[in-house]
Amino acid sequence: MPSFHNSRRLILLTMVLLVMSSCQSEVSSMPTDSQSSNATTSEVSSSDQTSETTSTITSVSIPMEIRRATYTNPIYDFDFPDPSIVYDERTNQYFVFATGGQIISSTDLVTWQKHNYAFTTIPQWGTTNAGLWAPHVTRINDQYVMYYSLSTWGDPNPGIGVATAPRPNGPWLDRGELFRSLSIGVNNSIDPVVFVAETGKVFMIWGSMRGNYIVELTSDGLSLKDGDAVVASVTKQRIAGFDTSTDWHVGTYEGSYIQYRNGYYYLFLSTGTCCEGVSSTYRVVVARSQFAMGPYFDASGRSMLNANVGTLILDRNNAFAGPGHNAIITDAEGVTWMFYHAYKTATGNARVLLMDKILWDEDGWPYIEGGTPSNTPQQGMAYWYQP
């Protein structure tokens, strides 16, 4: 995810104005990258009659400024579980993805535009009637890469697939199965997160409510570094929870997320029951390590290779139940923000989208103000605005 180190700098965009004069010329305009992603793209045919034209190109510098909007949770009051967020520099928009392949976008993180689903048809390589769960999207090299889970409730052999796109809103090209539970030897192989370590290596962490594992991917993020799942089943490494042979355990973890900061990899995990409405016990804990592959310890020095450990960062309150499955992004002033889902206690019928600022204590540990979701108006993320 992008970070912006110079909070007060002036960013200049160059707009190219084409002034074309001709006695007999036809001027046509094409959609630009900044237009709505839902705009219909049409081909513009040039005139059969050609004429000599003269073009003058002028560069105009247009400043951008930092703004903030005021938000109140939930920021997207529709069912939108397991969020993942990216910033697209070309369109100056934030794109958020959710279970089912949902996609929304915003410039100010308050006003949202809904896009078409990532796939018109859910990939079929998994278990019959499997749903597309918890897509994680990141940018690797020059393209966006989506890692998604295919699973049913109680699926004995769920798996993780991969897709690519030139832009966050697509078109998404499904590249198929990366691995499944039985081939890689990890029960409940769902909830992938992929990150590029400071060494340049690409890693995936995944797993749900048993053990959480890490494995290296190829530099483009599209394949297992070791070639196939059979080999990776031996080289994978457990970084949290119990061995995969253990039965489902409410004190273990899922929904992994990694954030690198000041020499540490911070591992965010959700624990508890995710999907029981206002009775959900979901919450977010954190641990850290100086190495991408661990070992990870919480602020009390406890190893994450256990249940019911991790430093609590986010829990329920009177307004929201079951907050969790978070993603993190850095705003235009370098401030980190957490995006996550939760149930409104007043209704309890949907996991809606929330966000809150991450603060950091003097020992370098993250926390959310009050330790629970905000439910009053808050100053939002710093974002770039072009007047």
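Report on the accompanying structure.

What counts, and where the lines are drawn
- Residues numbered from 1 in each chain as written.
- Predicted model: local features only at pLDDT ≥ 70, side-chain atom pairs only at ≥ 80, totals over all residues.
- Heavy atoms only, no water.
- Helix = DSSP H or I, 4+ residues; strand = E, 2+ residues; numbered from the N terminus.
- 1 Å grid on protein atoms, 1.4 Å probe; cavity = no way out; pocket = protein on both sides within 12 Å on 5 of 7 lines; lining within 4 Å.
- Points joined across faces, edges and corners; volume = space filled by probe spheres on them.
- Nonpolar A, V, L, I, M, F, W, Y, C, P; charged D, E, K, R; others polar.
- Buried < 20%, exposed > 50% of the residue type's maximum accessible area, 1.4 Å probe, protein only.
- Lys, Arg positive; Asp, Glu negative; His and termini not counted.
- Salt bridge = Lys/Arg side-chain N within 4 Å of Asp/Glu carboxyl O.
- Polar contact = N/O pair within 3.5 Å; in protein donor to acceptor, adjacent residues only side chain to side chain.
- Contact = heavy atoms within 4.5 Å.
- Disulfide = S-S within 2.5 Å.
- Pairing = 2+ DSSP bridges.

## Considering unusual backbone geometry
Consideration 1: Following G170, the chain continues to P171 via a peptide bond in cis, the omega torsion being 5°.
Consideration 2: Within the secondary structure, P171 sits in the loop between β10 (159-165) and β11 (173-180).
Consideration 3: P295 follows G294 through a cis peptide bond whose omega is 10°.
Consideration 4: Relative to the elements of secondary structure, P295 occurs in the loop between β18 (283-289) and β19 (311-314).
Consideration 5: One non-glycine residue, A134, lies in positive phi territory at about 45°.
Consideration 6: You can see A134 is positioned in strand β8 (residues 131-140).

## Focus: empty space enclosed by the protein
Consideration 1: Inspection of every chain in the model, using the stated rule, returns two cavities of 30 Å³ or more.
Consideration 2: The space that makes up the largest cavity amounts to roughly 90 Å³.
Consideration 3: As for the largest cavity, its lining consists of 15 residues, and the residues nearest its centre are P83, H136, P192, S256 and H325.
Consideration 4: Counting residues per element, the ones that place at least two in the lining of the largest cavity are β8, β16 (253-261) and β20 (320-330).
Consideration 5: For the lining of the largest cavity, the per-class residue count stands at seven nonpolar, six polar and two charged.
Consideration 6: Here the second largest cavity defines a volume of roughly 30 Å³.
Consideration 7: Looking at the second largest cavity, the residues that line it are Y76, F80, Q102, I103, I104, K114, H115 and Y117.
Consideration 8: With three residues, the single largest contributor to the lining of the second largest cavity is strand β6 (residues 102-106).
Consideration 9: Its residues assigned to classes, the lining of the second largest cavity shows five nonpolar, two polar and one charged.

## Quick look at the side chain of D356
Consideration 1: With respect to the element layout, D356 can be found in strand β22 (residues 351-360).
Consideration 2: Buried and unpaired, D356 has no salt bridge, with K357 as the nearest side chain of opposite charge at 9.4 Å.
Consideration 3: A distance of 2.7 Å separates a polar atom in the side chain of D356 from a polar atom in the side chain of Y340.
Consideration 4: When sequence neighbours within four positions are dropped, the list of residues in contact with D356 reads Y71, N73, W337, M338, Y340, I368, P373 and S374.

## With respect to the state of the cysteines
Consideration 1: For the structure on display, the rule yields one disulfide.
Consideration 2: Covalent S-S linkage joins C274 and C275, the inter-sulfur distance amounting to 2.1 Å. Across the S-S bond linking C274 and C275, the dihedral sits near -90°, which makes this disulfide left-handed.
Consideration 3: With relative accessibility at 27%, the residue C275 sits in the partly exposed group.

## Quick look at the environment of M355
Consideration 1: Tracing the sequence through the fold places M355 in strand β22.
Consideration 2: Residues M355 and A327, 28 residues apart in the sequence, show an inter-C-alpha distance of 9.4 Å.
Consideration 3: The contacts of M355, once residues within four sequence positions are left out, are Y71, N73, I75, L109, W337, M338, F339, Y340, S374 and M381.

## Observations concerning the pairing of β6
Consideration 1: In terms of burial, β6 is largely enclosed, as five of its five residues are buried.
Consideration 2: Side chains Q102, I104 and S106 of β6 all project onto a buried face; the interleaved residues I103 and S105 project onto the opposite face, where all are buried too.
Consideration 3: Note that strand β5 (residues 93-98) and β6 share five bridges and pair antiparallel. Following the sheet pairing, F97 is matched in β6 by I103.
Consideration 4: Connecting β5 to the antiparallel partner β6 that follows it, the hairpin turn spans three residues, and G100 within it adopts a positive phi of roughly 95°.

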